[in-house]
Structures are given as structure tokens and as C-alpha cells.
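Overview (structure and organization)
Each chain is listed here by its residues.
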Amino acid sequence: MNDKPFECDATALQDQLKESIGCQARVECVERLTSTNTVLKRNALESHDKFLLAGQQSSGVGRRGSVWQSPPEGNLYLSYCFHTETSLADLSLLPLAFALAIADRVESEFAVDVKIKWPNDLFVGGKKCGGILLETVSLSGDSAHQRTAVIVGVGINVASHPSYQSIERLTTALQAHVDSPMSLSQVALLVMTAIVEVCRLETTQVRRRLALYWPRRDLLLNLPVRVPMLGDGFGIARGLSLDGGLQVEFRGALETVYAGEVTLGHVESKEGGSA
Ligand code: BTN
């Protein structure tokens, strides 16, 4: 354990967001809580346009019900809630777009090569460095105008990462790939900016971005992958489908998967996962 004081200042972050991109979102920083996603989900109705940042989480949640280890060691645990009338089908593209925007910002700020393992795991140096969890809460509304609260949670290993022994996955921390010291506030601001940028896009713009920029970030593209949902053996990952699925050439056919586990086939050990 290498505990670090939680040095994020909500007012400063809020002011910086306003100055740099004219964003009026509220920002709250809490030293310790259960999970930033869970807290925003519970208060979804009154949390529109709100960021919640924590120094540690006692019950951090990852995708597919996994645990997201969240010690007070200078890592990013951040969630944002917004209300929208966008359909659930269109919202399903958002995790991919958030991953793309975060990867772009992190890469240009710190000059590190960031890849994305479908659907939204952030990889640096071939190891998982961060992940995104998108959850929705249905709010009241009539059938024509169904409102949804979207909670996007981002975890990034900034200063530390879980040991291989604890989660049986190879993970890394961003700082290990960058010579100059980085602060948690700096990473938080980058990620917040990326999230707001994506929330301002129309669905057609999201689609265009994914079509143009996903291939360059795609960790799996044209590599052998194991997809248990399709069956035993390897397939070859062939990029994104128009609706955000992963296309896999498997037993001579092009299949599309939308959920479930996908692992790189050419490595012996598990290559990612909850960090
Ligand atoms: C994944 O499994 O890759 C997604 C991990 C998402 C973790 C973040 S940390 C901030 C937010 N709060 C949570 O409990 N989970 C997300």
C-alpha cells in the first residue's frame, strides 16, 4: 500500500472546465465513498450535469459485475451523470466514443500510445490501464420523450495498479509510461473534458468519429481473439460494426458480438480486466 492524500479541488476543477470549454457542470470531490457510479445512480434525478470524483472507493464496480479495486493510491475514480432523450440504441455507442476521446486526450497530453480493447478498455504498453462503465437509469417521461439518466464511470490507474496475483490480469499505471510527474487533477481534467466533448456530439457525429478514428486505436484489429460466446478456438477481430459491436471472422463467417468476454488469442496469460 502506498496511500496518497486526495488533492483534488472541486472548485478549481469546476472553474477550469468553465474557462477552457464553457462547461457549467457541477463537480464534487469526496475523499472516500462506495462507488462514484453507485452514488450518482442512487441520486440520478438530481445529478444532471454533475461530476463526482473520489480518492478511494470501498465498492468500486467494473464491467460485467466485476470488482474495480480502488485504493487511495492516487488513481482516478470519476463518474459523470447527465439526462438525455437519446434512444438506448444510440446510447450504446457512447462507451466507445468516450474511450476514443479519453485515449486521444491522454495520448496528446502525455505522449503515450493508448489503445482501446473493445469495447472500452484503455491499454498502454499492451496492459490495461483504465476502464469505462456506462450505466443508465430510466427517468419518468411519456413514450415519445423517455428520459434517461446516463452515468459514465471512468477508472484510470494513474499512480498504481493491482498486482497480477490479486486479479490474475496484467495491468499498468499511466505514470509508469511518462517521465514527468502527473497530478490526479491533471488527469481528471483531461477525462472530464473528453466526456463533455462527447456529450455535445450528435449521434451522427459519434458514428463518423468511430468510423474514422477507431481503427487506429483498436488493440484487437486483425489479431486472433477468443470469444467464448461464439465457440471454442480462435477468430480474427475485424473491427467495429456500424452499431458498435465487435466483428469477428469465425469459422469462415463474419459474426458480430455485442457483449461478453473477448481475449487476445495469441497471449497465454489474461491480458486485461479489472484494474
Ligand atoms: C471496467 O471494468 O473496465 C470498467 C471499470 C470502471 C471503474 C470506474 S471507477 C469510477 C466508477 N465507479 C465505479 O464503481 N466504477 C467506475
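Scroll up for the structure.
Residues numbered from 1 in each chain as written. Predicted model: local features only at pLDDT ≥ 70, side-chain atom pairs only at ≥ 80, totals over all residues. Heavy atoms only, no water.

What to know about the packing of aromatic side chains
Convention followed: Classification of ring pairs rests on two measures: the distance between centres of Phe, Tyr or Trp rings, Trp counted by its six-membered ring, which must be within 6.5 Å, and the angle between planes, read as stacked under 30 degrees, edge-to-face over 60 and tilted in between. Between buried and exposed lies partly exposed: a residue is buried under 20% and exposed over 50% of the maximum accessible area for its type, with that area taken using a 1.4 Å probe on protein chains only.
Tallied over the entire structure, the rule returns 2 aromatic pairs. Aromatic pair tyrosine 80 and phenylalanine 82: ring centres 5.8 Å apart, planes at 25°, arrangement stacked. The pair tyrosine 80 / phenylalanine 82 is uniform in exposure class, with both members buried.

Let's talk about unusual backbone geometry
With glycine set apart, most residues show a phi of negative sign, and most peptide bonds adopt trans. Basically, it comes down to this: We count a stretch as a helix when DSSP gives it H or I for four or more residues in a row; a strand needs E for two or more, and each element gets its number in order from the N terminus.
In this model, tryptophan 118 is joined to proline 119 through a cis peptide bond whose omega is 0°. Checked against the element boundaries, proline 119 lands in the loop between strand S4 (114–117) and strand S5 (121–124). Phi angles above zero are rare outside glycine, and arginine 64 is one such case at about 50°. Relative to the assigned elements, arginine 64 resides in the loop between strand S2 (50–57) and strand S3 (76–84). One non-glycine residue, asparagine 222, lies in positive phi territory at about 65°.

A few points about the pattern of salt bridges
Any two side chains of opposite charge can pair, on the condition that their charged atoms come close. Filter applied, for reference: In what follows, salt bridge is the name for a side-chain nitrogen of Lys or Arg lying within 4 Å of a carboxyl oxygen of Asp or Glu.
Going through the model one piece at a time under the given rule, you end up with 12 salt bridges. Bridged by salt links that share partners, the residues Asp104, Glu107, Arg216 and Arg217 form one connected network.

Quick word on the site of the ligand
Short version of the rule: Put simply, a residue is near a molecule or strand once any heavy atom of it comes within 4 Å of that molecule or strand. N or O atoms within 3.5 Å of each other form a polar contact, as long as, within protein, one can give a hydrogen and the other can take it, and as long as residues adjacent in sequence are counted only when both atoms are side-chain atoms. Accessible surface area values rest on a Shrake-Rupley calculation with a 1.4 Å probe, where residue burial reflects the displayed protein chains alone. Residues are sorted three ways: Asp, Glu, Lys and Arg are charged, Ala, Val, Leu, Ile, Met, Phe, Trp, Tyr, Cys and Pro are nonpolar, and all the rest, Gly among them, are polar.
Near the ligand you find 20 residues, and of these Ser35, Gln57, Val61, Arg63 and Lys128 are the closest. The contact in question runs from a nitrogen atom of the ligand to an N or O atom on the backbone of valine 61, over 2.7 Å. Within the complex, 99% of the 420 Å² of free accessible area of the ligand lies under protein. Secondary structure elements with two or more residues in the shell around the ligand: helix H2 (36–42), S3, strand S6 (127–138) and strand S7 (148–156). Looking at the shell around the ligand, the element that brings in the most residues is S6, giving 4 residues. Looking at the shell around the ligand residue by residue, the class counts come to 7 nonpolar, 10 polar and 3 charged.

A look at helix H1 (residues 10–21)
Let me state the cut-off plainly: Helix span, expected: 1.5 Å multiplied by one less than the number of residues in the helix. Directions are taken from the helix axis to each C-beta atom, and the arc is the one they span. Contact definition: two residues touch when any of their heavy atoms are within 4.5 Å.
For H1, spanning 12 residues, the distance from its first C-alpha to its last is 16 Å, which sits close to the expected 16 Å at 1.5 Å a residue. Buried within H1 are the following residues: Ala10, Leu13 and Leu17. Projection of H1 onto a plane perpendicular to its axis shows the buried side chains occupying an angular sector of 65°, all on one side. Looking at H1, the residues exposed on the side facing more than 90 degrees away from the buried face are Thr11 and Glu19. Packed against the buried residues of H1 are strand S1 (26–33), S2 and helix H6 (184–199). The residue sitting at the N-terminus of H1 and contributing the capping side-chain oxygen is aspartate 9; that oxygen lies 3.0 Å from the backbone nitrogen of threonine 11. Glycine 22 lies just past H1 and shows a positive phi near 65°.

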